[in-house]
Amino acid sequence: MSATQPKIVRSVCPFDCPDTCSLHVKMEQGVIVSIDGNPDHPVTKGAICNKVRNLNERVYHPDRLLHPMRRVGPKGTQEFERISWEEAYSEIAKRLTDTIESKGAEAILPYSFYGNMGILNAEGMDRRFFHRLGSSQLERTICNAAGSAGYKYTMGASAGIDPEDTVHSKYVLVWGCNLVSTNMHQVIYLNEARKRGAKIVHIDVHRNRTSVWADEFIPILPGTDTALALGMMHVLIKEGMTDLAFLEKYAKGYEELVAQAENYPPERVSQITGIPAEAIVKLAREYGSASPSYIRIGNGLQHHDNGGMAVRAIVCLPALTGQWGILGGGALKGNGYYSAVNSYKLERPDLMPDKNVRSINMNRLGEALMKAEPSVDFLFVYNSNPAVVAPDQNQVRKGLMRDDLFTVVHDLFLTDTCKYADIVLPATSHFENRDLFSSYWHLYLQLHEPIIEPMGECKSNFTLFKELGLRMGFEPEVFDITEEDMIRQALDRSTPFLNGLTYEDLERDGWAKMKLDKPSMFPDRIPTPSGKIELYSEAMLRAGLPPVPEYTPIKEPDELPFLLVTGPNHSFINSTFGNQERLKKLEKQPTADMNAEDAAARGLQQGDRVRIWNERGECFIAVKVANNVLPGVLVTQGLWWEQGNEGMQAVNSLTSQRLSDMGGGATFFSTRVDIEKA
Ligand SMILES: Nc1nc2c(c(=O)[nH]1)N[C@H]1C(S)=C(S)[C@@H](COP(=O)(O)OP(=O)(O)OC[C@H]3O[C@@H](n4cnc5c(=O)[nH]c(N)nc54)[C@H](O)[C@@H]3O)O[C@H]1N2
Ligand SMILES: Nc1nc2c(c(=O)[nH]1)N[C@H]1C(S)=C(S)[C@@H](COP(=O)(O)OP(=O)(O)OC[C@H]3O[C@@H](n4cnc5c(=O)[nH]c(N)nc54)[C@H](O)[C@@H]3O)O[C@H]1N2
Ligand code: SF4
Ligand SMILES: [Mo]
């Protein structure tokens, strides 16, 4: 084929989204002209979301960073001058060396998350670099840490059922998950299940796109899901709807759970959750009498003070009704366990000079920058935009403004975080990289070959940390390797799921499904300490947590009248795309949904500009009056940039650095605020 003929090449969507779609990219003369889904992929089957359909606009965006820059004005003013990579590397290397000599390596903190989900670029060469450097470790807990810990206490691992089997489900609870916006292929599978007779119930604090799509919507007060799960258990037990044979064989602690559920009659649960008692009884009866039943557990409920317990409690339900092992029955929060590659070989924690180096929870970045001892003097940000996404943003930004802090930010765009950087480095898009992608929902690993050359002087995370490592004099056998070498190392792990998968297999086919002979690894293999599903958990008791599910209210003092939930929106991925005009237009403007009763009591009308505030900060936003939320609840959607929305203040100026009950998770949604006309 001649170079001028359009051709279609295969790619993978790199964003932090469960679907990890296979893409077909149309190229003309070496330029990406359009993006579509790859119809051959067994799960994503050619469908992609609107965000990624125009990804060429992001790749070729006029604002893309194309060369390194050094700050020349005060922090926060965006005054930079162009420098070469040579200058950037020598300044960074010198700073790193000086910091280690004067303060020790703990004064250096990497800060990253999954702006690019590629395994090599998100948890490969970067991890090696910071391990070898001996820097402070970062606990990457901002997303699903609480729920994963809670799920693990009950089931032993972050694993659920194969989503492809959910077409067989007959009753589906979509619990704290905004599927239509955040996991579109799950919607496609459930539409098929519905055609075959399934009922879909959405449990959420906000009537959103998913509630409209579902057959029934149950609005719940934020942070009260543990009580609802216990109320359902109360009814299931009272009405003899539990599967005693399954429980006898596969679960531990049923009697303790029966005693605990006794404390949660529907009337009490109704007062806690805001759900009428009859609705709780009906929900439990429907769930208890349907099979196969499936619970898709989302992130919404775990971003609370009690989020770990909520997930732990909910995932007891499929055990009570004996759903594991039935095609289309069980639950799914995340499936990362199945496609786990060799993280030891990838990340090389053995390179750490001191295994007891301190570790800093990323949800407390503000505190770490302002108060840590020894102080954080060097911050290296990549794959993340903490000035927008981290909680308690005013403290984060205050920390980033510190004169004695040296900050490097590697990104594709001059984000709000870059404004505080001493050195800004240009990152490639994933189209420019070779990488390996797993999904935290479906069961396919995908290989990605670069489809365009790096733009300008951009470098991938892999190349940046490889070259910086070599510049620092680190071992060539660890750092001077190719992407292909590293992918081979990642695949070098003996697990029944990877089942001997090789680089050649992926090169030939593009993807491979993890081997799972049964609907899930449960109940045959339950990797808890007891080998059973732990309705009662001694590990929790030892950790100072209630050993059986128990409802505790959120910790935020209730001096202020409203609970604020600041979730993601339909057209961005976290703060990614917050600078893309087409997608911003679709979202119109940042708004806060408010119950009509509350609005009337406050004299607020549709579209009024309001000030939402608490002791941590304030946020100016338009109010949307609708009965989309219960009285006393406010919901915003989207992590909007401040740049381009001047005077708004990101919603994370209101959220707290408190950690959740388990896993050191974030508590974004356990926020109390007041609201007034601006
Ligand atoms: N379009 C889009 N897709 C995305 C993302 C994005 O930003 N935009 N982000 C990606 C990432 S990183 C993640 S982690 C996932 C998150 O995707 P989801 O798992 O869907 O999680 P959220 O959207 O955070 O919250 C889900 C729902 O929980 C509700 N909720 C909040 N508090 C509670 C509660 O106490 N109880 C109950 N029952 N519901 C509650 C919220 O109103 C929301 O509708 O999506 C990924 N996909
Ligand atoms: N209030 C509130 N806050 C939240 C949430 C919420 O629901 N409400 N959600 C939380 C959740 S679940 C998550 S996962 C986090 C997400 O927080 P982040 O991981 O920070 O996600 P993004 O905002 O998408 O920022 C990712 C950045 O990485 C950059 N990037 C992309 N690819 C590359 C690359 O290859 N190399 C480099 N160096 N950079 C790259 C992007 O341009 C972007 O600026 O936010 C959390 N914050
Ligand atoms: S953001 Fe999610 S749904 Fe959209 S293309 Fe990427 S993986 Fe698919
Ligand atoms: Mo996330």
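About the criteria used
- Residues numbered from 1 in each chain as written.
- Chains lettered and ligands numbered in written order.
- Predicted model: local features only at pLDDT ≥ 70, side-chain atom pairs only at ≥ 80, totals over all residues.
- Heavy atoms only, no water.
- Near = heavy atom within 4 Å.
- Polar contact = N/O pair within 3.5 Å; in protein donor to acceptor, adjacent residues only side chain to side chain.
- Areas by Shrake-Rupley, 256 points an atom, 1.4 Å probe, with all protein chains shown as cover.
- Helix = DSSP H or I, 4+ residues; strand = E, 2+ residues; numbered from the N terminus.
- Nonpolar A, V, L, I, M, F, W, Y, C, P; charged D, E, K, R; others polar.
- Domains from an automatic or database assignment.
- Phe/Tyr/Trp six-rings, centres within 6.5 Å; stacked < 30°, edge-to-face > 60°.
- Buried < 20%, exposed > 50% of the residue type's maximum accessible area, 1.4 Å probe, protein only.

A. Just the site of ligand 2, in detail. Around ligand 2, 33 residues are found, and the nearest of them are Asp411, Asn461, Thr566, Ser575 and Thr576. Between ligand 2 and Ser384 there is a distance of 2.7 Å, counted from an oxygen atom to a side-chain nitrogen or oxygen. Asn385 is positioned such that a nitrogen or oxygen atom in its backbone is 2.9 Å from an oxygen atom of ligand 2. Coverage of ligand 2 by the protein chains reaches 96% of its 920 Å² of free accessible surface. Of all the elements in the fold, those that place two or more residues in the shell around ligand 2 are strand 16 (406–411) and strand 22 (562–567). Tallied by class, the residues present in the shell around ligand 2 amount to 13 nonpolar, 17 polar and three charged.

B. The site of ligand 1, seen in detail. Around ligand 1, 31 residues are found, and the nearest of them are Asp204, Gly223, Asp225, Phe572 and Asn574. Take Asn569: an N or O atom from its main chain is 2.8 Å from a nitrogen atom of ligand 1. At 2.7 Å from an oxygen atom of ligand 1 is found a main-chain nitrogen or oxygen belonging to Asn574. Isolated, ligand 1 exposes 910 Å² of accessible area, and the fraction of that covered by the protein chains is 95%. Counting only elements with at least two residues in the shell around ligand 1, the list comes to helix 7 (179–182) and strand 9 (199–204). Along the lines of polarity and charge, the residues of the shell around ligand 1 split into 13 nonpolar, 14 polar and four charged. In this structure, the shell around ligand 1 is formed jointly by two domains, domain 3 (146–336 + 521–542) and domain 4 (562–655), each of which donates at least three residues.

C. Summary view of the packing of aromatic side chains. All chains considered together, the criterion is met by 21 aromatic pairs. Measuring from centroid to centroid gives 5.0 Å for Trp324 and Phe522, while their planes differ by 75°, and the two rings are edge-to-face. Taken as a pair, Trp324 in the loop between helix 16 (317–320) and strand 13 (330–332) and Phe522 in the loop between strand 20 (511–513) and strand 21 (533–534) lie far apart in primary sequence, 198 residues in all. For Trp324, a relative accessible area of 3% translates into the label buried.

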